[in-house]
Each structure stands twice: as structure tokens, then as C-alpha cells.
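The residues making up each chain are set out below.
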Amino acid sequence: MARSIRVMMSALWSTMFSVAMLPGAMLSGAMLSGTAGAALARAPAAPLADAPLAGASTEEKIDALLGRMTLEEKAGQLSQFSDPGDVTGPKPDNERARLIRELIEEGVVGSTLNVIGADRVRALQDIAVERSRLGIPMMFAYDVVHGHKTIFPIPLAEAASWNMDLIERSARVAAVEASAQGLNWTFAPMVDVSRDARWGRVMEGAGEDPFLGAEIAVARVQGFQGDDLAASDTVAATLKHFAAYGFAEAGKDYNAADVGTVTLYNVIMPPFIAGLERAGARTVMNSFNTLNGVPATGDAYLQRDVLKGAWGFDGLVVSDWGSAIEMIEHGFAKDARDAARLAMLAGSDMDMESFVYARHLPGLVRRGVVDEALVDDAVRRVLRVKFELGLFDDPYRYIDPARERSLLFTPEHRAVARKVAEESIVLLKNENAVLPIAPGDKIALIGALAADKDTPLGNWRARGEPGSAVSVREAFEAAELDFEYALGAAVEIGEASFATEVLVNETDASGFDEAVAAARRADKVVLVLGEDAYQSGEGRSRADIGLPGVQQDLLEAVAGANPDTILVVMSGRPLALAWADDHVPAIVQAWHLGHEAGHAIADVLTGAANPSGKLPMTFPRSVGQVPIYYNHLNTGRPGPRDEVFWSHYIDETNAPLYPFGHGLSYARFEYSRLRVRETADGVEASVRVRNVGDRDGKEVVQLYIHDRVASVSRPERALKGFRKIALGAGESETVTFRLTGKELGFYNARGEFTVEPGVFDIFVGGSSAAALTASIDTAD
């Protein structure tokens, strides 16, 4: 059997190698050539269920199963392949499908990704369970990032809600829908902290702050995994990308990251730690990038010393797509065999789409290059998660056509999506109370994105149907607003997709005259501009983060025609909006909000919903300020000063356009009576918040600290607590925060957590620019 499997893997490798080098590539029959060799003689099935293991613990069952596995079967459990196509019937879809079908029959495929649907999952699981020697079930994985069939706001937008309950509900709905289609593993949440809006994958994370990112990581993992991972409506969560992927140099995807220990432990690691310790995430994905010169997939310090060693993680680590074989391009591995060796030694348990484990790992063990104990540990982790998912009790527990028919894209799920979308919208500016739109206002609705039913779905939209979102135009019609629509200008030329570049409209301004005329006829203008769905996401880094193409010219023309212009920005990242801030009275950050985008935007613009979102990332004035973030160090020459030699730009202010945590409301909140006192286990801070406006509203009360003197320089401000509260007009509430050593301490240059007594400044308010402050000396 071992020789036959090697023959098959050699054929599979020879036909797929060039495609496997492309992250996110989908393989098809046209890409394949060659054969897999002779048909294999199959041993009679002897599934685990037949073994005398009644009453044994999970670890004892894993031991028993490991003892029966060949090296090829072990390497197979550590191998994950993407959708092979239809493998049923006497003639599978294509050569790839035939090859992978035979590998599954031989029990040398541990997991697939991108195989979706109860019938398709059942077909592959049948082969694994009924036809392989040991009958080990497979896991079925997919990138369920912000919804599955019902698409929710992109994760960066959800982070702007600062509402952990809603974020958890979003992930719960996604898990229910994904599991209804046979899936039991999602490659989410992405918990990479990033400070660089040029990086396209900021749309997939929670922004720039480790504290907020940690809270969101917990909420999303809990939503995906629920209270019982073996329940048929849960999926195993994946914390990714380990580590420092969000610190890609120049914001360029897949680029190197070079950070010190203090930044690694205090900024990058906290969401991973929280997702593991507090929420129990069962899988972690390593990363494409090098960290300090070492590819993450081959980094033993990250995976063995820290993750599995110091943190005691007993789940599985999966590579990113092809990241093992990409160590050759990094100049770290000599060839595919060397890549398999390095990845296994480093602690990367499962190989996604590089084919290096299945092809080379058995031989490396036989030659004594890799200790079989390392392979056994990796297999044990994979089997452990499969047991926890309940797959050994019932390999088909996630496969139920009735659930698939009844649980996808339901009215209940869309209602949750609409609520999350409403709370994700951030009101950046509202001069002269231009918003909300008053009854009877005649509106000019302008912009291609206002009528776009696809862009609101964002990138990584899972099984969301293209063009199925509610557009702003449709929502205006449903709300029976008095408006006329004008295109203005297209955002792109042609149609983009996950695997193709967006061709931006750089020249066609033929619709400007119509848009300007409509603006002049209207009382107010709602101008919807921004990015196409596929201008952010993986591989979508931008050097210019202004409005793409001719949209800036359209903005200037329309704003010149009607001073009461409301700019609605759809984007997957913070954009540089300095001109708009100088010339437009109202700006609404509407991200890519998912299926219910149009209704949510219309609700906020009309006042049916009061905006309550707060920025999870700083908005720059210009791209030259990027990376820009609120929790920076003071430097030895802070400013401003009336001299040249201090830390500043000579052609731009240091200040952001909109700071982290910023977001306005139609209500108005007043902060007072900040009280700080020392307690037995830390510090308690309380503040009175009053709604002094004439509308009910929600406010995110934020607390920041500054450690004045420490053994490592500490940020000017660091978020250490927040609460989202609802206050009726005229109502007030006293909000109390308790800070323990966990919030007051930090990691030093050796990666050790320490709590040092001293003076702490406390800031409380509605953004990171909070002015209300008090101080306390914990050394007294």
C-alpha cells in the first residue's frame, strides 16, 4: 500500500505543483495531466468502531488508533486538499477528482476545504468511512468569515459596533448555516492586529487595538463553537494568522514582518491568547509571512515554544494555503522534501494544499530525518479535534439535507444581519445637523455604489449569492423617500471577482453633468462612494487609499453644486478623506455591510436607527501618515514644539483625521465625575455619562490608561475597558471599570508578563481622544 500511495502522490504532485504555489488557486481538470498509476489493492475495512474501546477515554482511543496506523495513513491525516470536484459515480469529474478519491479510499486525506453541501460532503465522507482501511472520518473546512449564506458586515465593520453580543450572534448564525451544509471547521476569525490601512486584509480583522481585538476574538470563537463543539450546529474555529501577518512591511500582502518582542507580545499576541484561554479555539493557522526572517510555517519558536509549549495549546495547527511549499520561495527550504521536514519540526500539524506531508513525510521518518514521535503528536492533535467534533460517534452528524433546506438565508438570520449592520455604521461628521434626513426632504441619491447589489457583500462572502444584497437605492424605495437617482460614475470597468483584479474607472466622467443637475434640484444629496468589494481583502493592498478613480472628482463636483451633501463611504478599510472632511458637512462610514446594507444605511440616514458605531482603526489625513495608530509611544521628542527638532512631519500634522474609537450619534453624551481609587486587587474607575440630547442613543464608554514610568516604554494611551450603554434622552448612568494586574501590566523585552507599581493616568470618554482624566499612584 505504501508504494502505491507514493505513486499516486507523485502523480498528484506532478500535476498540481505549479497551481499549488498560488494562494487561493482553484484547481480544475484542465490544469491536470498524467495518471496515478495502477489501481490499488485495498485491505478490508476495519473501522475504529470495531475495536474494543468501549468506556475508553478520548486519549486512549487516540492511542489505540495511532497504534494501528501506517506512516502513510498518519501523513494523510495531516494533509488537506481543496475541492476535487465530483468524485461520485464510475467516472469522477476530472483527473484531480479521481486521484483524490483514491487517496481518500486509502485513508490518506485528513480534511478537505471548499467542499460544501450536504450531498457533496456525504459523498466524500462515505468514501472515507466506508472504504478506507480504518474508516477515519474527514473534517470539512471553509472560509466562513462574515456569514455563510446570510452575509453580515465585514469583520472590520462588525468591530466598529463594539457590541460583543451582536458579534457573537453573527458568528453563531454563520455556524448554524455552515454546519447545515455539512461543514464543521471554519478558517476564522482572523485576529491579526494591523495598523496599516494599505493592507487589504484589514477588512477581515478587528483593527489596530489588541484589547478590542481580544474581546472580539473571544466573541467570535464562542459564536462559532458554541457551548458544545460536538453539537451539529457548531464549527471549530481557527485563530489566524500566527503570527504578525498584519504587520506586513509597507502594507503589502505576504510581505515580511519584522517586530521586536515587546510589540509581538503586547500588540500581536493578545487576541490569540484570549481566543485560546477564554474561548477555547481548537485550531490555529500559521501564516504566509516571515517573522524576523523565519517563515511562520517553519517557525519552531512560534509554534512549538510559544503556542504548544508556554501556552499549552493541544489543538491543531494548520498551514495557510501552500505556505509550506512557499518556504522554497522564501529561501528557507531547499525543496519540497525539505519544506516538509522544516514544517513538521516547527510544529505545523496539517499541510493545506502543499502536498508535502503526504508525499515526503513517511520517507523522512523512515530515513530518521524526522522523529515519528513528532508525527504522532501532530496526528494526535488532528484526531483529538475530530473526536471533539463528535465525528467518531457519528461521521454524518453535520450532514442533514433537511437542515440545509430550512436554515439558510432565513428571515430570522437576515434580521440579525440588519441589526449588526446598523450598529456597525460610524457617523464620522455631522455639521449643522444635516443628518438625519427630515421628512419631506427631496434627495438626490448619487453614485454607482448606491445601486450596487454586489459590493455590499464585501470580499470573503462565503456562499452569499452575487448581486443579492439590498442596495441603498432599493432601501430608499422601500422607505418611500422622495428621491431621484443619478449614476455619476462607475467605480470599475467590467466585473471583478475573488481571483481577478478590479479595473478602476480612471477616465469616464460622462455621468457627472446628470449628477450635478440632480444635486442642484435636491434639498440634500446622498452621495455613495468608495471601494468595490474586491478592492480590499487578500492580495488587495493599495498604495493610494483615497477614493478610487474618478470618484474624488465626482465628489468635488457634486459638493460644489449642493452644500448639503452627505457622503456615504463603502469600503473595506479606512480611506484618506481629508478633502471630504474639509468640504462636506456629513460623512457616514458604511463599510461593506452585507445583505442588509441598504436597509441599515437608510435607517441611519433617516434617523430610524441612531448611529452608535466607533472606529476600530484610525483614519489618516493622508497615506503618508500610514501606519498611524493611537497607542503609539511618546518618543524622546514629543510635540508640538516651536522648533524643528521634534517628532513630526514638515508637510502634514501628526494628528489623524478621525481617531480610534471616534463615532458620533444623533444623541449627545456628556461625561463627568470621574473617580479613581485603589482596591485590593487593582484600580476602580467610575464615570457619570448623561445623554443631554433629545434622542435616545447608545454610547461606547471607553477607558484608556498611560503608565508614566515603566521598565519598557508604554503607549501614550492604551484601551483597557469599554462598555456600550443605551441611554434615553435626559438619562444618565454611572459606569464602573475595574482594572487588575491583567490590565495594568505588560510584557517586557524578554516576553515576561510583569506588573509594576507606579503612576497611571486614566482617560475616559467617547474616543481615544478622551479629555476627562484622573491619575493614581499604585506605589503608595
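Bear in mind that the values here come from a model prediction, so they are computed numbers and not experimental data.

**Quick notes on the pattern of salt bridges**
Part 1: Inspection of the entire model under this criterion finds 47 salt bridges.
Part 2: Taking the shortest distance from any N to any O, the salt bridge between Asp441 and Lys524 comes out at 3.2 Å. Highlighted residues: Asp441 in the loop between strand E11 (426-430) and strand E12 (443-446) and Lys524 in strand E14 (residues 524-530), separated in sequence by 83 residues. For the pair Asp441 and Lys524, a shared accessibility class is recorded, and that class is buried.
Part 3: Close ionic contact of Glu474 with Lys453 constitutes a salt bridge, the shortest N to O distance being 3.0 Å.

**Topic: the side chain of Thr618**
Part 1: Inspection of the secondary structure assignment puts Thr618 in the loop between helix H21 (597-606) and strand E17 (669-679).
Part 2: If sequence neighbours within four positions are ignored, Thr618 has contacts with Glu208, Pro574, Ile628, Tyr629, Tyr630, Pro656, Tyr658 and Phe660.

**Focus on the sheet that holds strand E10 (residues 351-352)**
Part 1: What the 5 strands build is an open sheet, ordered E4-E3-E2-E1-E10; its pairing is parallel. Two strands lie at the open edges of the sheet, namely strand E4 (185-186) and E10, each paired on one side alone.
Part 2: Where strand E3 (residues 139-142) lies against E4, 2 bridges are found, and the strand directions are parallel. Within E4, the residue paired with Tyr142 across the bridge is Thr186.

**Brief notes about helix H5 (residues 118-131)**
Part 1: Between its terminal C-alpha atoms H5 stretches 19 Å, which fits the 20 Å expected from 14 residues at 1.5 Å a residue.
Part 2: Listed as buried for H5 are Ala118, Val121, Ala123, Leu124, Gln125, Ile127, Ala128 and Val129.
Part 3: Next to the buried residues of H5 lie helix H4 (95-105), strand E2 (111-113), E3 and helix H15 (401-406).

**Some words on the packing of aromatic side chains**
Part 1: Here the structure, examined in full by the defined rule, presents 19 aromatic pairs.
Part 2: Ring geometry for Tyr254 versus Phe288: centroids 5.2 Å apart, planes at 90 degrees, classification edge-to-face. Within this pair, whereas Tyr254 is found in the loop between strand E5 (238-242) and helix H9 (261-268), its partner Phe288 is found in the loop between strand E6 (283-286) and strand E7 (290-291), the two being separated by 34 residues in sequence.
Part 3: Classification of Phe288 by relative accessible area gives buried; the value is 3%.
Part 4: Here the aromatic residues Trp162, Phe211, Tyr630, Phe660, Tyr704 and Phe722 are joined through ring pairs into a cluster of three or more.

**Focus: the confidence of the model for the protein chain**
Detailed reading of the predicted model is not advised wherever pLDDT is low.
Part 1: Residues at a pLDDT of 70 or more form 93% of the protein chain, whose mean pLDDT is 93.
Part 2: In this model, residues 13-46 is a region of pLDDT below 50 whose contacts with residues beyond four sequence positions or in other chains number 73 contacts.

**Let's talk about the sheet that holds strand E21 (residues 732-740)**
Part 1: Read across the sheet, 3 strands follow the order E17-E18-E21 without closing on themselves; strand pairing throughout is antiparallel. Strand pairing shows two members of the sheet lacking a second neighbour, E17 and E21, which therefore form its edges. Strand-to-strand twist across the sheet, computed as the mean angle between neighbouring axes with direction ignored, equals 15 degrees.
Part 2: By the bridge criterion, 9 bridges tie strand E18 (residues 682-691) to E21 in an arrangement that is antiparallel. Each residue of the ladder has a partner; that of Gly682, found in E21, is Thr740.

**Re the environment of Asp694**
Part 1: Here Asp694 shows up in the loop between E18 and strand E19 (697-707).
Part 2: When the C-alpha positions of Asp694 and Ala667 are compared, they lie 6.4 Å apart, and in sequence the two are 27 residues distant.

**What to know about the pairing of E19**
Part 1: Across the 11 residues that make up E19, a large majority, 10, are buried.
Part 2: Relative to strand E20 (residues 718-727), E19 runs antiparallel, the two being bridged by 9 bridges. Counterpart to Lys698 in the pairing with E20 is Ala726.
Part 3: In this structure, E19 lies alongside strand E24 (residues 759-765), joined through 6 bridges in antiparallel fashion. Residue pairing in the sheet places Gln702 in a bridge with Gly765 of E24.

**Topic: the layout of surface pockets**
Part 1: Approximately 1,100 Å³ is the volume attributed to the largest pocket.
Part 2: Forming the walls of the largest pocket are 48 residues, and the residues nearest its centre are Pro210, Phe211, Asn266, Pro270 and Lys720.
Part 3: Of all elements in the fold, only helix H8 (210-225), H9, helix H10 (270-277), E20, E21, helix H22 (741-744) and strand E22 (746-747) reach the threshold of two or more residues within the lining of the largest pocket.
Part 4: Per-element accounting of the lining of the largest pocket gives the leading share, 6 residues, to E20.
Part 5: A breakdown of the residues in the lining of the largest pocket according to their chemical character gives 26 nonpolar, 9 polar and 13 charged.

**A word on the nonpolar core**
Part 1: With 132 residues, the main nonpolar core has Val526, Ile566, Leu577, Trp591 and Leu605 as its most contacted residues.
Part 2: The greatest single-element share of this core, amounting to 7 residues, is contributed by helix H14 (residues 372-388).
Part 3: Apart from the residues lying within four places of it in its own chain, the contact partners of Val526 are Ile437, Ile443, Ala444, Leu445, Ile446, Phe476, Ile566, Val568 and Leu605.
Part 4: Counting residues in each nonpolar core, the second largest holds 66 residues, with Ile127, Met138, Leu264 and Tyr396 among its members.

**Let's talk about H4**
Part 1: Of all the 11 residues making up H4, 9 are buried; the element is thus mostly covered by neighbouring parts of the structure.
Part 2: All of the buried residues along H4 are Arg96, Ala97, Leu99, Ile100, Arg101, Glu102, Leu103, Ile104 and Glu105.
Part 3: At the exit of H4 stands Gly107, carrying a positive phi of roughly 75 degrees.

**A closer look at the packing of helix H7 (residues 164-180) against H8**
Part 1: Packing of H7 against H8 leaves a shortest axis separation of 7 Å and a crossing angle of 35 degrees. Our pair here, H7 against H8, has a crossing hand that is right-handed. When H7 is examined against H8, the residues Met164, Ile167, Glu168, Ala171, Arg172, Ala174 and Ala175 are found in contact with a partner set consisting of Leu212, Glu215, Ile216, Ala219, Arg220, Gln222, Gly223 and Phe224.
Part 2: Classifying every residue of the contact of H7 with H8 gives 9 nonpolar, 2 polar and 4 charged.

**Focus on unusual backbone geometry**
Part 1: In this structure, His241 follows Lys240 across a cis peptide bond, with omega equal to 0 degrees.
Part 2: The residue His241 is located in strand E5 in this model.
Part 3: For the peptide bond that leads from Val626 to Pro627, omega is 0 degrees, which places it in the cis range.
Part 4: Take Pro627: it is sitting in the loop between H21 and E17.
Part 5: Not every positive phi belongs to a glycine, and Ala250 is a case in point at roughly 65 degrees.
Part 6: Assignment of secondary structure puts Ala250 in the loop between E5 and H9.

Calculation notes
Residues numbered from 1 in each chain as written. Predicted model: local features only at pLDDT ≥ 70, side-chain atom pairs only at ≥ 80, totals over all residues. Heavy atoms only, no water. Salt bridge = Lys/Arg side-chain N within 4 Å of Asp/Glu carboxyl O. Helix = DSSP H or I, 4+ residues; strand = E, 2+ residues; numbered from the N terminus. Buried < 20%, exposed > 50% of the residue type's maximum accessible area, 1.4 Å probe, protein only. Contact = heavy atoms within 4.5 Å. Pairing = 2+ DSSP bridges. Expected span 1.5 Å × (residues − 1). Phe/Tyr/Trp six-rings, centres within 6.5 Å; stacked < 30°, edge-to-face > 60°. pLDDT = per-residue confidence, 0-100. Axes fitted to C-alpha atoms, helices over the stretch in contact; angles between N-to-C directions. 1 Å grid on protein atoms, 1.4 Å probe; cavity = no way out; pocket = protein on both sides within 12 Å on 5 of 7 lines; lining within 4 Å. Points joined across faces, edges and corners; volume = space filled by probe spheres on them. Nonpolar A, V, L, I, M, F, W, Y, C, P; charged D, E, K, R; others polar. Core = buried A, V, L, I, M, F, W, Y, C linked by side-chain atoms within 4.5 Å. Left-handed = near helix turned anticlockwise from the far one by under 90°.

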